[in-house]
Amino acid sequence: MSDNQSWNSSGSEEDAEPRDESGHLVGMVDLSGVLSKWTNYIHGWQDRWVVLKNNTLSYYKSQDETEYGCRGSLCLSKAVITPHEFDECRLDISVNDSVWYLRAQDPEHRHQWIDSVELHRADSGYGSESSLRRHGSMLSLTSATSGFSATSTSSFKKGHSLREKLAEMETFRDILCRQVDTLQKYFDGCSDAVSRDELQRDKIVEDDEDDFPNTRTDGEFLHNNHGSKEKLFQTVSPKGINGIDFKGEAITFKATTAGILATLSHCIDLMVKREDSWQKGVDKEMEKRRRIEDGYKSALNELKKKSHFGGPDYEEGPNSLINEDEFFDAVEAALDRQDKIEEQSHTEKIRIQRSSPVPPGDMYSSIGTHRFSNKVEEMVQNHMTYSLQDVGGDANWQLVVEEGEMKVYRREVEENGIVLDPLKATHSVKGVTGHEVCHYFWDTTYRNDWETTIENFNVVETLSANATIVYQTHKRVWPASQRDVLYLSAMRKLLANNENDPDTWLVCNFSVDHDDAQPSSRCVRAKINIGMICQTLVSPPEGDKEISRDNILCKITYVANVNPGGWAPASVLRAVAKREYPKFLKRFTSYVQEKTAGKPILF
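Residues numbered from 1 in each chain as written. Predicted model: local features only at pLDDT ≥ 70, side-chain atom pairs only at ≥ 80, totals over all residues. Heavy atoms only, no water.

Quick look at the overall build of the protein
Now for step 1: Looking only at helices and strands, the protein features ten helices and 22 strands.
Now for step 2: In the protein, of all internal contacts separated by at least 6 residues, the share reaching a separation of at least 24 is 61%.
Now for step 3: A total of about 36400 Å² of accessible surface is found on the protein, and carbon and sulfur atoms cover 51% of it. (Helix = DSSP H or I, 4+ residues; strand = E, 2+ residues; numbered from the N terminus. Contact = heavy atoms within 4.5 Å. Areas by Shrake-Rupley, 256 points an atom, 1.4 Å probe, with all protein chains shown as cover.)

Here it is, written out as structure tokens:
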């Protein structure tokens, strides 16, 4: 029998799995290619070069880096391959606590990878019934021998009282053996005496009947012809055979056996008590082991939860493993951490004074000439028509927050399960003009000073002096996916119809498409339509005094229509909006007041 078949000697030849000349399973091939691998909750899915070879799955950042060593590898001997329930392109491979989340480009490639990994795993010597037979026999023998040795050794660990009784049993055994030998000699002597009497009787019977003695009525003596009497059978005296006292030996034998029985009874009592004591100890140890196992399982679950909690199964979506309450708690905790970080850095931001020349107001009066001019004009007119409408009547605006001069309204709207609630906020800020508020809101130079939710941004294209296209990514609030936005931002000064109308400034931000900022798999692209309308109200100063900041008031109307672009619980989105929008308005207006304090008024 060949080496490849020697392991199956205990079973049938038909159970052996077909293997080639090199000893590998027939059909097993090495495989390599590009798979998307889940890296972490920040970078999400990334393409990696994955190699399946020699029962090992390895990955590299790209095919060009294979000569520099792999980024990670898994031994497939004990791997568990799980096709995803909902994603037809995804497969999860886990070994103990390590889990790789992989995605193929289509279901056919996923099926190919799964079949290849299964063949390599089976070839490694684990996971099949035949391989268990191959490795199991000697292990069973070793385990049995080890268990017997341990049991034999522990059986001698007795208490002091039990050892004394066992010593008594040894003494009784010696005595009993000697008594048995003595009694055996006595019985042998009796047997010899009976045999001699039978021979003598047979000899007398063979004599002539005339010479046969008469029998006395006592049956003990016979009289011969000479008139003398003979004793036919000699009575054995108590000490007539080898000088053995049978009665004394019998009494001693009885006492010895009684002592043995008493000692055995005592040993049984001791062993029963010892068994009870041992059972209590075993119960305590089993309870202690159960608590340790429960603690181990709990710690293992926590470890798995922590190591995998950022996996794709916990991402936002209708099939997320995280429930709505946990989703809300995680988002709230992340926002609280961001607030603390912002509080620590707020003082530093104020200390660093940024300044840029403020263009004259006339340049904002026109739309400018660019390919989005008509769209900007349409958005400006829509905001002036609908954003300044009263919140009463049939508009169905609900007041959700009221803090001093600031009021926030919401109208609940859902489309295909996605929350699209329009939000409207009104606020009055003293000491600043509408031009100043819109300037700091529109100019990207100051964006990072007051906007705490942005991770990074850049100006994709400058359309005109008062219109730019901006791409920005927002900080991720786990477990929600990271969002990015591409929008056109335009600032306009609206000409008054009559001299009594207040100066009105507007900034409108609305989503557009651009070839230099295409959507990516790393972020979910959100759509926005935001308008900030600022009106400057001036109260006449006393006497001949000049107008100061104490005489001006800016009335702000802020309207936001946001499509988050992904799935998240409606209650979470509404709660976050209710919490964050008032904070944003207060933070921004306070920033404008601090920036303009002591500076000339900009109308």
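Concerning helix α10 (residues 570–596)
Now for step 1: Compared with an ideal rise of 1.5 Å per residue, which puts 27 residues at 39 Å, α10 spans 39 Å between its outermost C-alpha atoms and is within 8% of the ideal.
Now for step 2: Of the residues flanking the end of α10, it is Gly598, one or two places downstream, whose phi is positive at about 80°. (Expected span 1.5 Å × (residues − 1).)

Some remarks on the sheet that holds strand β1 (residues 31–38)
Now for step 1: Strands sit in the order β4-β3-β2-β1-β7-β6-β5 across an open sheet of seven strands; the sheet is antiparallel. The sheet is open, and its two borders are formed by β4 (72–75) and β5 (80–83), each paired with just one other strand. Adjacent strand axes in the sheet meet at a mean angle of 35°, parallel and antiparallel pairs treated alike.
Now for step 2: Where strand β2 (residues 45–53) lies against strand β3 (residues 56–60), five bridges are found, and the strand directions are antiparallel. (Pairing = 2+ DSSP bridges. Axes fitted to C-alpha atoms, helices over the stretch in contact; angles between N-to-C directions.)

Notes on the environment of Asp513
Now for step 1: Of note, Asp513 is situated in the loop between β19 (503–511) and β20 (524–525).
Now for step 2: For the pair Asp513 and Ile469, spaced 44 residues apart in the sequence, the C-alpha separation amounts to 9.4 Å.
Now for step 3: With residues up to four places along the chain from it excluded, the contact list for Asp513 reads Phe372, Leu486 and Lys527.

So, the pairing of strand β21 (residues 527–538)
Moving residue by residue along a regular strand, the side chains alternate between the two faces of the sheet.
Now for step 1: Bridging between β19 and β21 involves eight bridges; their strand directions are antiparallel. Pairing of Val507 across the sheet is with Met532, part of β21.

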